[in-house]
Amino acid sequence: MAERSFVQEVQKLRQGEGEVFSGEGILAVAKALLESGVSYVAGYQGAPISHLMDVLADAQDILSDYGIRFENSASEATAAATLAASVNYPLRGAVTFKATVGTNVASDALANLASGGVLGGALIIVGEDYGEGSSIMQERSHAFAMKSQMWLLDPRPNLPSIVQAVKDGFDLSEASNTPVMLQMRIRSCHVHGQFICSDNQHPKFTVKDALENPTRDVSRIVLPPASFLHEKEKIEARWPAAVKFIQERQLNEFFAEDSDDVGIALQGGCYNTLIRALNQIGLADVFGNSKIPLYVMNVAYPLIDDEFERFCRNKKSILVLEEGQPNFVEQNVANILRQRNIDIGLHGKDMLPMAGEYNTATVLAGIRSFLERYGKIEPQVKAAAKQIRIPTITVAAPQTDAAEEPEYINAADPTLDETVHSRPPGFCTGCPERPIFTAMKLVERELGEHHVSADIGCHLFSILPPFNLGNTTMGYGLGGAGAAALNAQADKRAISVMGDGGFWHNGLTSGIANSVFNRSDNLTIVIDNSYTSATGGQDILSSTALNPTRSTGHEIEKAVKGVGVKWVKTIKRTYDLKTMTNTLREALTTQEKGPKVLIAQSECMLNKQRREKKKVRSDVAAGKRVVRERFGVDPDTCTGDHSCIRLSGCPSLSIKPNPDPLRTDPVATVMDSCVGCGLCGEVSHAAVLCPSFFKAQIITNPNGWDKLRHRVRGWFIGYLQRRDTRRREQLSF
């Protein structure tokens, strides 16, 4: 069950010649694949490209109508290796995954693919997850394209350009016998727009054709002596073919080419940001018409020497707009200018930040500095910081007389990040992973701190407050491998954590099987919440949901035992904090040798709520009886200790003023977002805290029995309250 369904939207993929397609960038890519006559598609979900896999999964009936094979790959390496089908056969194939971690995982397969080359068009669609909004290390795909000699497309972020880039990518791949990477930045993936459709195309050569007519070419296999010739072929044949195609197809674009004697060369993905910045200083309109010459590199690699020479003609300086570091494009441009004896000024990272994503403000500052230097705009007046006067804005303040002097604050006052506490990301309300780490903190009180090797996934939030667990993270499914060196005779065992998605992606072999082979004595906790929750809730082998097109229900415990683990325990309900704590303690103290694996199961609460809320809404609308459980805190009983919050970190737990005027500590409270998982109450008992938590049932459309029971309870509670009031009155006399 993916976090978003595209069942309705995918019907747009059936649109034909001349129809106007409106939608998201991801949908446009899927439509472009169909229009390109693709034979097979594979991939591994992951932000920002995960929705493409969800779209393709929901469109399998459409894909099957055209004989297109679709694969949910076990990992990015599996996806990349799928492109081997295009090595010997004229099959058009596409794979997709997140960059750069996905590209790193797939690097072995991609390197082999690029070495031998391809016969059919091979397109790698990578979601470029770079910048402040990224959840991964700050690296770019550009370096991998350069290293393996694959061509890198970076189209302008609008639907017509993206669709055309998909089609051009296949043609470029076939023209140069080289796999092509199509870089989709986060905003490109989710930009909305329109384009004019073409008809969907049946593959000219199908997977069935390849199976029935097998061929082989030993020169395409990466083995000596062929592998030594591949490098020569890349430079002498494939590169010139790619350059010729790029020039003839005019994949790169020139705008306002001769309008001024300075210009800006940029990667296509930066185009929208640059136009917005130029618009801010009156040098471009909102439709993209620029007064400054622009050279837009929709092909980020290879660069085209002749086109740069053309762009630099009659100019005294250019600015290269390139996100991130190293500044690959700028260095390449400097080399082109030097070899072609083009004597003009070259600017780039000297006027723009070396690292980080370029937003409009960043680009605006850089191009302003560039244009001021060459007298194209008037320099800004730069006042000293302490002379800047910033008016204070008060919402809904009464109007003042126009002659009154407005109130000002000093620019040297503390900034927002200095006055507002940071709010680290954490687990969702009711997340079944929270009690696992609560149990680890409780056991930590008894046995002391342990080295915890973390993994990629929602559970990585355990490294942040309130749990503060986790020493390292090395990659998806590498939690176990990350603790491999910490295996020695000692009083403590290292703990490794991985999710069920990471387990099937890489962890079974790299973590569990490796620990068996090397006689590890450490503990691995596999968090089984039935989905690859971190990538959007897609089904995997161990999912309990019935998937009509995939095989599910394969137990992790059986797989673990299958590779030789003897000590295996499965907890069916992670919210049972007492069992979680006791089992964890046993795993860390048992005298039994060999790797220990603890499988902690409970369904992802987000997916559960997506499924159940729909049913609840329909039942309520139909007048059916609906019961919802939630927890609360008795403010008269709460001690104000707040250990319940510190040991769970649930977003539904907060504080409010103490109703007792003689007590100043705020009391805990449960907000309406509570989903009734019960962890807060479990924590109270497990940590031997106050008995202030209670469970209540909220009944919508109650039946007669519910109403009678409510009246009886109300009468009885009222009777007790009146009796207690009378007793207090008698005692007061």
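Please refer to the structure higher up on the page.
Residues numbered from 1 in each chain as written. Predicted model: local features only at pLDDT ≥ 70, side-chain atom pairs only at ≥ 80, totals over all residues. Heavy atoms only, no water.

Q: Looking at this structure, I do not really get the pairing of strand β19 (residues 495-499). What am I missing?
A: Working note: regular strand, side chains alternate between the two faces of the sheet. Where burial is concerned, most of β19 is hidden: five out of the five residues are buried. A two-sided burial pattern is seen for β19, the buried positions comprising Ile495, Val497 and Gly499 on one face and Ser496 and Met498 on the other. When strand β17 (residues 452-454) meets β19, the two strands line up parallel, connected through two bridges. Its bridge partner lying in β19, Ser453 is registered against Ser496. Sheet analysis places β19 next to strand β20 (residues 523-528), joined by five bridges and oriented parallel. (Buried < 20%, exposed > 50% of the residue type's maximum accessible area, 1.4 Å probe, protein only. Helix = DSSP H or I, 4+ residues; strand = E, 2+ residues; numbered from the N terminus. Pairing = 2+ DSSP bridges.)

Q: Looking at this structure, how should I read the pairing of strand β25 (residues 667-670)?
A: Here β25 shows two buried faces, one formed by Val667 and Thr669 and the other by Ala668 and Val670. The sheet contact formed by strand β24 (residues 653-656) and β25 spans four bridges and is antiparallel. Bridge assignment links Ile655 to a residue of β25, and that residue is Ala668.

Q: Before we go on, may I ask you to explain helix α16 (residues 360-373) in this structure?
A: Owing to its 3.6 residues per turn, the α-helix brings residues three or four apart onto one side. The end-to-end C-alpha distance of α16, which contains 14 residues, comes to 20 Å, matching closely the 20 Å that a straight helix rising 1.5 Å per residue would cover. If you check which residues of α16 are buried, you get Thr362, Val363, Leu364, Gly366, Ile367, Arg368, Phe370, Leu371 and Glu372. Turning to α16, the residues buried within the fold contact β10 (262-267), α13 (271-280), β13 (317-321) and β14 (345-347). (Expected span 1.5 Å × (residues − 1). Contact = heavy atoms within 4.5 Å.)

Q: Explanation requested: helix α19 (residues 500-517) in the structure shown.
A: Between its first and last C-alpha atoms α19 spans 21 Å; for 18 residues at 1.5 Å apiece the expected length is 26 Å, and the helix comes up short by more than 12%. At Gly507, α19 is bent by approximately 90°, the largest bend along its length. Looking only at α19, the buried set comprises Asp500, Gly501, Gly502, Phe503, Trp504, His505, Gly507, Leu508, Gly511, Ile512 and Ser515. Of the surrounding elements, those touching the buried residues of α19 are α4 (76-82), α6 (101-105), β19, β20, α20 (556-562) and β22 (596-601). Arg519 sits one or two positions beyond α19 and adopts a positive phi of about 55°. (Bend = angle between axes of the 7 residues up to and from the residue.)

Q: Would you explain the side chain of Ser520 in this entry?
A: Mapping Ser520 onto the fold places it in the loop between α19 and β20. Contacts of Ser520, omitting those with residues within four sequence positions, involve Asn487, Ser515, Gly594 and Pro595.

Q: Looking at this structure, how should I read a positive patch on the surface?
A: Positive charge collects at one region of the surface, where Lys613, Lys614, Arg617 and Arg628 lie side by side. Examining the composition of the positive patch, we find that three residues originate from one element, helix α22 (residues 605-621), more than from any other. Note that Arg628 resides in strand β23 (residues 626-633). (Patch = residues over 30% accessible without salt bridge, like charges linked within 9 Å, V, L, I, M, F, W, Y side chains within 5 Å. Areas by Shrake-Rupley, 256 points an atom, 1.4 Å probe, with all protein chains shown as cover. Salt bridge = Lys/Arg side-chain N within 4 Å of Asp/Glu carboxyl O. Lys, Arg positive; Asp, Glu negative; His and termini not counted. Charge placed at Lys NZ, Arg CZ, Asp CG, Glu CD.)

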